[in-house]
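So you can see what is in the structure, the chains are spelled out below.
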Amino acid sequence: MQILSNVALGVDKADIVISNGTLVDVYSGALLQNYSVAIKGEWIAAIGRNLERTKGKDTYILDACGKIIAPGFIEGHTHLNYLFSPENFLRQSMAGGTTTIITESGEIIYTAGLKGLLQLLESWRAQPIKVYATIPPPLNLGKSGRAIWPSIAQMKNLLRREDIVGVGESYWQMVLSGNDHLPPLAEEALKLGKTVEGHTAGAHDEKLMAYLAYGINSCHEPVSVEDVLERLRLGVFVMIRQGSIREELDAMVKLKDMRIDFSRISLVTDGMDPRDLVKRGYLESAVQKAIDLGFDFIRAIQMVTINPATHFRLDHFTGGIAPGKHADIVILPDMQKIKPEYVLSKGKIIAQHGKLLVPPRKTQYKLPGLTKLPKHVSTPSLIIHAPVSGQNKVRVMDMVTDLVSREYITEMPSVTGMIQPDPDRDILKITLLGLKNKIVNALIRGIGLKDGAVASSYIWETYGIIAVGTNDNDIAKVINHIIQQGGGIAVCAHGSITTELPLPIAGIITSKPMSEVAQRQNEIQREVERLGCKVPDIVKTISVLPSAAIPFLRITEDGLIDLKSGKVTSLFATS
Ligand SMILES: [Fe+2]
């Protein structure tokens, strides 16, 4: 760093000087008027009111004209490994001012194992902005899905990589009930000075503490001010979500006036859906929301800069504007408008007025689609055989929200020895096709389809395809179509595929541009609504049904699982 030192002294000259702005000092929490920033290569060499000594004949002067000079934004928790390619995500998001991302990586591991993870890490390497990953323990509810997960030894080795900053989220219930991967991985991560990301939705008091005792040091699941305070007091780094899966800022508005230390709070998206990315933008939209709600400007900026940088131990080179730090900088028009006029990442101007000047590095996936499924699913394999003639007591997955399902016991008649979906009662068939040719058929209420079927190979924590439909012919047709494509999301009505989004890369990713992905998603939702669907996002609803992240009755390749007991439960109820 001798060269930076020389620039600071005026002996060498800067490549870029951003002059005459209001600098957001995230370290002491101040706004510094009439400040300039001298940049050499990828790094900041000096800041101050008079940097004339750093200017040479080749120095590019970027006049900030009194506008806001803030650090580039850091996303502390997201999921960038499904639906879209890293390249297309970066193309869509970088102009918004995010210059560092920490992403979970589980989705690709569930469908493509270690090979998938390594290819994804390679695709994030050497991009115009920095992308780091966290690697989670396996969270499959079904047992056979674990077959393609890397071993504990392999995961421990991965933790040594510079681009892996910690252990990814693990559900507290699974850890307390004995997840064998988490304790050794957490121990290794802590030994290496890395983080262990948490997921404490609904945990309080002794259960929360019992989970944290494994070395868990963050949580992005608080849904109330009380949740935030409880976690802060227990030493947990808190991430408030404002993205596609949840938007918590409205519920957190009381925080802004509380006399608490904000340095261990950050703002994250936990993933942005392509439709939201195209419409709202990325992390900058979360910061904008915080500002609109009246959060203090400097605190809002700290929540997406120095705070996550410190949590992930990246603050020695990013998260703030100071000598020796990466020149990751946004120039904002004012304190009300989080729409960068310039974005600099690693010393390069990568975007100007929303236009990308430096494209992401092209990457080529060599991952096949879902090849471990049967070539064809027959309609007889979808039959639910009735144990008795006449009425049968069945356990139905009842959607109490678009994501939460509970048990609903009802009677359904045997029709020629079979239990058939009953769209009039809004009871449909749900089928999960998993690894090792496992097919589980069950019943679901609350989707609303009156006709046809919909299926997806993008599923939380599971390898396979999930389908919901009104009849076996359409369910078989849509599953077989997705098998042929190697993966995807599709709708079938009267034996014909009416709309689809193929996901041929690892069964969960397409190389199509983000706007086209968003358009296909809209078409799929419109089509299921035409067929009677009443949930706002059918793919989100069905893709989470195998996950332990959301209660209570879930479907896995081992059968229905009641999360209250953690055990497999029969489709047929005895009482
Ligand atoms: Fe997450």
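Undergrad: In this structure, what is going on with the coordination of the iron ion? I would like to understand it.
TA: Those donors, H77 (NE2), H79 (NE2), E169 (OE) and D270 (OD), are the protein atoms that reach the iron ion, and they lie 2.2 to 2.7 Å from it. Here the iron ion binds 4 donor atoms, and the angle range of 84 to 156 degrees at the metal identifies the geometry as irregular. The sequence pattern describing where the donors of the iron ion fall on their chain is H-x1-H-x89-E-x100-D. Of the two residues, H79 is situated in strand β6 (residues 73-79) and D270 in the loop between β14 (265-268) and α9 (274-280); the sequence distance between them amounts to 191 residues. No difference in accessibility class separates H79 from D270, as the two residues are buried.

Undergrad: I'm lost on the packing of aromatic side chains in this one. Help?
TA: In this description, an aromatic ring pair is defined by two values, namely the gap between the centres and the angle between the planes. By the definition in use, this model includes 4 aromatic pairs. A ring pair is formed by Y110 and W149, whose centres lie 4.7 Å apart and whose planes are at 50 degrees; its orientation type is tilted. Pair noted here: Y110 is in helix α3 (residues 106-124) and W149 is in the loop between β9 (130-135) and α4 (152-158), with a separation of 39 residues, a long-range link. With a relative accessible area of 8%, W149 lands in the buried category. Clustering of aromatic rings is evident, with ring pairs tying together F84, F89 and Y282. Directly above the ring of Y408 sits R445, whose terminal nitrogen or CZ lies 3.7 Å from the centroid. The side chain of K564 reaches across the aromatic face of F552, ending 4.8 Å from its centre.

Undergrad: Teacher, can you tell me more about the pairing of strand β23 (residues 453-456) here?
TA: Walk down a regular strand and you will see the side chains alternate between the two sheet faces. Of the two faces of β23, the one carrying A453 and A455 and the one carrying V454 and S456 are both buried. As paired elements, β23 and strand β24 (residues 464-469) share 4 bridges and run antiparallel to each other. What sits directly across from A455, in β24, is A467.

Undergrad: Would you mind showing me how to read the sheet that holds strand β19 (residues 391-399) here?
TA: To summarise the sheet geometry, strands pair through backbone hydrogen bonds and adopt either a parallel or an antiparallel arrangement. An order of β20-β19-β22-β21-β24-β23-β25-β26 is seen for the 8 strands of this open sheet, with the pairing classed as mixed. Whereas interior strands pair on both sides, the edge strands pair on one side only; in this sheet they are β20 (405-413) and β26 (496-502). Neighbour to neighbour, the strand axes of the sheet diverge by 25 degrees on average, direction disregarded. In the sheet, strand β21 (residues 427-434) pairs with strand β22 (residues 439-445) via 7 bridges, with the strands oriented antiparallel.

Undergrad: For this particular structure, what's the right way to read the sheet that holds strand β28 (residues 553-556)?
TA: The strand order across the open sheet built from 3 strands is β28-β29-β30, with neighbouring strands paired in antiparallel fashion. Of all strands in the sheet, those with a lone pairing partner are β28 and β30 (567-569), marking the two edges. Geometrically, the sheet is characterised by an average inter-axis angle of 45 degrees between neighbouring strands, direction not taken into account. In this structure, strand β29 (residues 559-562) lies alongside β30, joined through 3 bridges in antiparallel fashion. Counterpart to I561 in the pairing with β30 is V568.

Undergrad: How do you make sense of the pattern of salt bridges when you look at a structure like this?
TA: Pairing is possible between side chains of opposite charge, provided their charged atoms come close. On inspection of all chains with the given rule, the structure shows 34 salt bridges. As a salt-bridge pair, R395 and E407 come within 2.8 Å of each other at their nearest N and O atoms. Taken together, the residues R395 in strand β19 and E407 in strand β20 connect sequence positions 12 residues apart. Under the relative-accessibility criterion, R395 is labelled buried at 13%. Taking the relative accessible area as the measure of exposure, E407 reaches 36% and is therefore partly exposed. Here K429 ties to D472 by a salt bridge, and the two come within 2.8 Å at their closest N and O atoms. Here K429, found in strand β21, pairs with D472, found in helix α13 (residues 472-485); they are 43 residues apart in sequence, far enough to count as distant. Assessed through its relative accessible area of 0%, K429 is described here as buried. It is possible to trace a salt-bridge network through shared partners that takes in E221, R241, R246, E248 and D270.

Undergrad: Please explain the pairing of strand β11 (residues 195-199) as it appears in this structure.
TA: Of all the 5 residues making up β11, 5 are buried; the element is thus mostly covered by neighbouring parts of the structure. Where strand β10 (residues 164-171) and β11 come together, 4 bridges link them in parallel fashion. Bridge assignment links Y171 to a residue of β11, and that residue is H199. Bridge count between β11 and strand β12 (residues 218-219): 2 bridges; the pairing is parallel. By the bridge assignment, E197 is partnered in β12 with S218.

Undergrad: Could you clarify how one ought to interpret the nonpolar core in this entry?
TA: Soluble globular proteins tend to pack their nonpolar side chains together in the buried interior. One finds I447, I538 and I555 to be the most contacted residues of the largest nonpolar core, which totals 140 residues. In terms of residues, this core owes the most to one element, α3, which gives 7 residues. Residues in contact with I447, not counting those within four places in the same chain, are M399, D426, L428, V468, G532, C533, K534, V535, I538 and T541.

Undergrad: Is there a simple way to explain the confidence of the model for the chain in this structure?
TA: The predicted coordinates should not be examined in detail at positions where pLDDT is low. In this model, the chain carries a mean pLDDT of 97, and residues with pLDDT of at least 70 account for 100%. Within the chain, no element has a lower average pLDDT than β30, which sits at 94, and none a higher one than strand β5 (residues 68-71), at 99.

Undergrad: Just checking my understanding: could you explain helix α2 (residues 86-93) for this structure?
TA: The periodicity of an α-helix, 3.6 residues per turn, causes residues three or four positions apart to be oriented the same way. For α2, the tally of buried residues reaches 6 of 8 residues, placing the bulk of the element in the interior. Regarding α2, the residues found buried are P86, E87, N88, F89, L90 and S93. If you follow the buried residues of α2, they end up packed against β7 (83-84), β8 (98-104), α3, α9, β18 (355-356) and α14 (514-530).

Undergrad: Teacher, can you tell me more about unusual backbone geometry here?
TA: With glycine set apart, most residues show a phi of negative sign, and most peptide bonds adopt trans. Here the amide bond leading from P551 into F552 is cis, since omega sits at 0 degrees, within 30 degrees of zero. Here F552 shows up in the loop between α15 (538-543) and β28. Even without being glycine, A126 reaches a positive phi, approximately 55 degrees. In this fold, A126 is placed in the loop between α3 and β9. Even without being a glycine, D426 presents a positive backbone phi close to 60 degrees. Of note, D426 is situated in the loop between β20 and β21.

The rules behind the values
Residues numbered from 1 in each chain as written. Predicted model: local features only at pLDDT ≥ 70, side-chain atom pairs only at ≥ 80, totals over all residues. Heavy atoms only, no water. Donors = N, O, S within 2.8 Å, 3.2 Å for Na, K, Ca; no water. Tetrahedral: all angles 85-135°; square planar, octahedral: opposite > 155°, others 65-115°. Helix = DSSP H or I, 4+ residues; strand = E, 2+ residues; numbered from the N terminus. Buried < 20%, exposed > 50% of the residue type's maximum accessible area, 1.4 Å probe, protein only. Phe/Tyr/Trp six-rings, centres within 6.5 Å; stacked < 30°, edge-to-face > 60°. Lys NZ or Arg CZ within 6 Å of the ring centre and 35° of its normal. Pairing = 2+ DSSP bridges. Axes fitted to C-alpha atoms, helices over the stretch in contact; angles between N-to-C directions. Salt bridge = Lys/Arg side-chain N within 4 Å of Asp/Glu carboxyl O. Core = buried A, V, L, I, M, F, W, Y, C linked by side-chain atoms within 4.5 Å. Contact = heavy atoms within 4.5 Å. pLDDT = per-residue confidence, 0-100.

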